[in-house]
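# Analysis of the macromolecular model
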Amino acid sequence: SPDNNYLAVAHEAAPYITIYKRSGDTFTKLPNPTVLPTGNSEDCAFSPDNNYLAVAHIAAPYITIYKR
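Not measured: the values here are computed from a predicted model.

## Side note on the nonpolar core
Generally speaking, nonpolar side chains in soluble globular proteins are found buried as a group. Counting residues in each nonpolar core, the largest one holds eight residues, listed as Tyr6, Ala8, Ile17, Ile19, Cys44, Leu53, Val55 and Tyr66. Elements with a contribution of two residues or more to this core: strand S1 (6–10), strand S2 (17–23) and strand S5 (52–57). Setting aside its immediate chain neighbours within four residues, Tyr66 contacts Ile17, Pro33, Val35, Leu36, Pro37, Asn51, Tyr52, Leu53 and Val55.

## Let's talk about the sheet that holds strand S3 (residues 26–29)
Read across the open sheet, the three strands follow the order S1-S2-S3; overall the sheet is antiparallel. Unpaired on one side and paired on the other, S1 and S3 mark the two borders of the sheet. Along the sheet, successive strands turn relative to each other by an average axial angle of 30°, direction set aside. The sheet contact formed by S1 and S2 spans five bridges and is antiparallel. Bridged to Tyr6 within S2 is Lys21.

## Considering the layout of surface pockets
In this structure, the largest pocket spans a volume of roughly 210 Å³. Forming the boundary of the largest pocket are Tyr6, Ile19, Leu30, Pro33, Phe46, Asn50, Asn51, Tyr52, Leu53, Tyr66, Lys67 and Arg68. Only S5 and strand S6 (63–67) provide two or more residues apiece to the lining of the largest pocket. In the lining of the largest pocket, the residues fall into eight nonpolar, two polar and two charged.

## As for the sheet that holds strand S4 (residues 41–46)
Strand order across the open sheet formed by three strands is S4-S5-S6, with antiparallel pairing between neighbours. If you trace the sheet from one side to the other, it starts and ends with S4 and S6, each paired once. For this sheet, the mean angle separating the axes of adjacent strands, direction not counted, is 15°. Pairing geometry for S5 and S6, over five bridges, is antiparallel. Within S6, the residue paired with Tyr52 across the bridge is Lys67.

What counts, and at which threshold
- Residues numbered from 1 in each chain as written.
- Predicted model: local features only at pLDDT ≥ 70, side-chain atom pairs only at ≥ 80, totals over all residues.
- Heavy atoms only, no water.
- Core = buried A, V, L, I, M, F, W, Y, C linked by side-chain atoms within 4.5 Å.
- Buried < 20%, exposed > 50% of the residue type's maximum accessible area, 1.4 Å probe, protein only.
- Helix = DSSP H or I, 4+ residues; strand = E, 2+ residues; numbered from the N terminus.
- Contact = heavy atoms within 4.5 Å.
- Pairing = 2+ DSSP bridges.
- Axes fitted to C-alpha atoms, helices over the stretch in contact; angles between N-to-C directions.
- 1 Å grid on protein atoms, 1.4 Å probe; cavity = no way out; pocket = protein on both sides within 12 Å on 5 of 7 lines; lining within 4 Å.
- Points joined across faces, edges and corners; volume = space filled by probe spheres on them.
- Nonpolar A, V, L, I, M, F, W, Y, C, P; charged D, E, K, R; others polar.

What is shown is where atoms sit, not what they do.
Here's what the structure looks like:
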């Protein structure tokens, strides 16, 4: 993430996205979002203001956006 506090990883298998919170050199997995991407995730990106995470995936609707 732009503030260097979060790491998002796109997966080709469920849950398709994993989000970690950083504290120093330690990364702690956060609970899965309530609504998960609908298919294999290809990429993810945080918005510059760190308020949104977009996940691109291979099934409709092809993009899932999470608000912080």
